[in-house]
Amino acid sequence: QVQLVESGGGLVQAGDSLRLSCVASGRTFSTYAMGWFRQAPGKEREFVAVINWSGTNTYYADSVKGRVTISRDNAKNTVLLQIVSLKPEDTAVYYCAANQRGGSISYRASQYDYWGQGTQVTVSS
């Protein structure tokens, strides 16, 4: 069992940067692939980024590519999502998720086994 806790969200202005953190409990964090997803009001949850267990492989959604960087620190059981040049359309609840298939860089939410509660990001124009 893995528990995930996100933090770092808030109210920011367009053009600002933000760093979201996700801390995982448990000793097996380093074996999981970790993803970030987001859900805007009235919309379905969508993939943002994923990183494999070792941090050597990443994959980004086209909608955020070039503005988002995912990274992880296995010693700290932490995965980060750095977002720059925030836009109002980035407003959403951001979730981190863990995939037991550590080598996977799947964008499919159904592939993820554990989810955090989410952190709200609101971008004002």
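In short, a report on the structure. Since the structure is predicted, the reported quantities are computational estimates derived from the model, not experimental observations.

Focus: the overall build of the chain
Then, in step 1: Helix and strand counts for the chain come out as zero helices and 11 strands.
Then, in step 2: Whereas a compact globule of 125 residues would reach a radius of gyration of roughly 14 Å, the chain reaches 13 Å, a difference of no more than 12%.
Then, in step 3: Considering only C-alpha atoms, the chain reaches an extent of 40 × 25 × 25 Å along its principal axes.
Then, in step 4: Taken over 125 residues, the chain has a buried fraction of 44%.
Then, in step 5: In the structure as shown, the chain presents an accessible area of about 6,400 Å², 46% of it carried by carbon and sulfur atoms.
Then, in step 6: Across the chain, the centroid of the 12 positively charged side chains sits 5 Å from that of the 9 negatively charged ones.

Concerning the pairing of strand 3 (residues 18-24)
Then, in step 1: Buried residues dominate strand 3, accounting for five of its seven residues.
Then, in step 2: As paired elements, strand 1 (residues 4-7) and strand 3 share four bridges and run antiparallel to each other. Bridging from a neighbouring strand, Leu4 pairs with Ala24 of strand 3.
Then, in step 3: Inspection of the sheet shows strand 3 paired to strand 8 (residues 78-83) by six bridges, in the antiparallel sense.

Observations regarding the sheet that holds strand 7 (residues 68-73)
Then, in step 1: The strand order 1-3-8-7 describes an open sheet built from four strands, whose pairing is antiparallel. The open sheet terminates on both sides in strands that have one partner only, identified here as strand 1 and strand 7. Mean inter-strand twist for the sheet, computed between neighbouring axes without regard to direction, equals 15 degrees.

A few points about the state of the cysteines
Then, in step 1: Scanning all chains against the criterion turns up one disulfide.
Then, in step 2: Covalently, Cys22 is tied to Cys96 through a disulfide, its sulfur atoms 1.9 Å apart. One disulfide, between Cys22 and Cys96, carries an S-S torsion of 45 degrees and so falls in the right-handed class. With a gap of 74 residues between them, Cys22 in strand 3 and Cys96 in strand 9 (residues 92-99) connect regions that are remote in the sequence. Neither residue differs from the other here; Cys22 and Cys96 are each classed as buried.

Focus on the packing of aromatic side chains
Then, in step 1: Per the stated rule, a full pass over the model turns up eight aromatic pairs.
Then, in step 2: For the ring pair Phe37 and Tyr112, a centre distance of 5.1 Å and an interplane angle of 80 degrees mean the geometry is edge-to-face. Separated by 75 residues along the polypeptide, Phe37 in strand 4 (residues 33-39) and Tyr112 in the loop between strand 9 and strand 10 (114-115) bring together distant segments of the chain.
Then, in step 3: A residue is classified by how much of its surface remains accessible, and Phe37, at 1% relative accessible area, is buried.
Then, in step 4: Between Tyr59 and Tyr107, the ring centres sit 6.5 Å apart and the planes meet at 45 degrees, which makes this aromatic pair tilted. One end of the pair, Tyr59, is in strand 6 (residues 58-60); the other, Tyr107, is in the loop between strand 9 and strand 10, with 48 residues separating them in the sequence.
Then, in step 5: For Tyr107, a relative accessible area of 42% puts it in the partly exposed group.
Then, in step 6: Three or more aromatic residues joined by ring pairs make a cluster, and in this case those are Phe37, Phe47, Tyr59, Tyr107, Tyr112 and Trp115.
Then, in step 7: Just above the ring of Tyr95 sits the side chain of Arg45; from NZ or CZ to the centre is 3.9 Å.
Then, in step 8: Here the guanidinium or amino end of Arg72 rests over the ring plane of Phe29, the centre of that ring lying 4.5 Å away.

The rules behind each value
Residues numbered from 1 in each chain as written. Predicted model: local features only at pLDDT ≥ 70, side-chain atom pairs only at ≥ 80, totals over all residues. Heavy atoms only, no water. Helix = DSSP H or I, 4+ residues; strand = E, 2+ residues; numbered from the N terminus. Rg over C-alpha atoms; globule rule 2.2 N^0.38 Å. Buried < 20%, exposed > 50% of the residue type's maximum accessible area, 1.4 Å probe, protein only. Areas by Shrake-Rupley, 256 points an atom, 1.4 Å probe, with all protein chains shown as cover. Lys, Arg positive; Asp, Glu negative; His and termini not counted. Charge placed at Lys NZ, Arg CZ, Asp CG, Glu CD. Pairing = 2+ DSSP bridges. Axes fitted to C-alpha atoms, helices over the stretch in contact; angles between N-to-C directions. Disulfide = S-S within 2.5 Å. Phe/Tyr/Trp six-rings, centres within 6.5 Å; stacked < 30°, edge-to-face > 60°. Lys NZ or Arg CZ within 6 Å of the ring centre and 35° of its normal.

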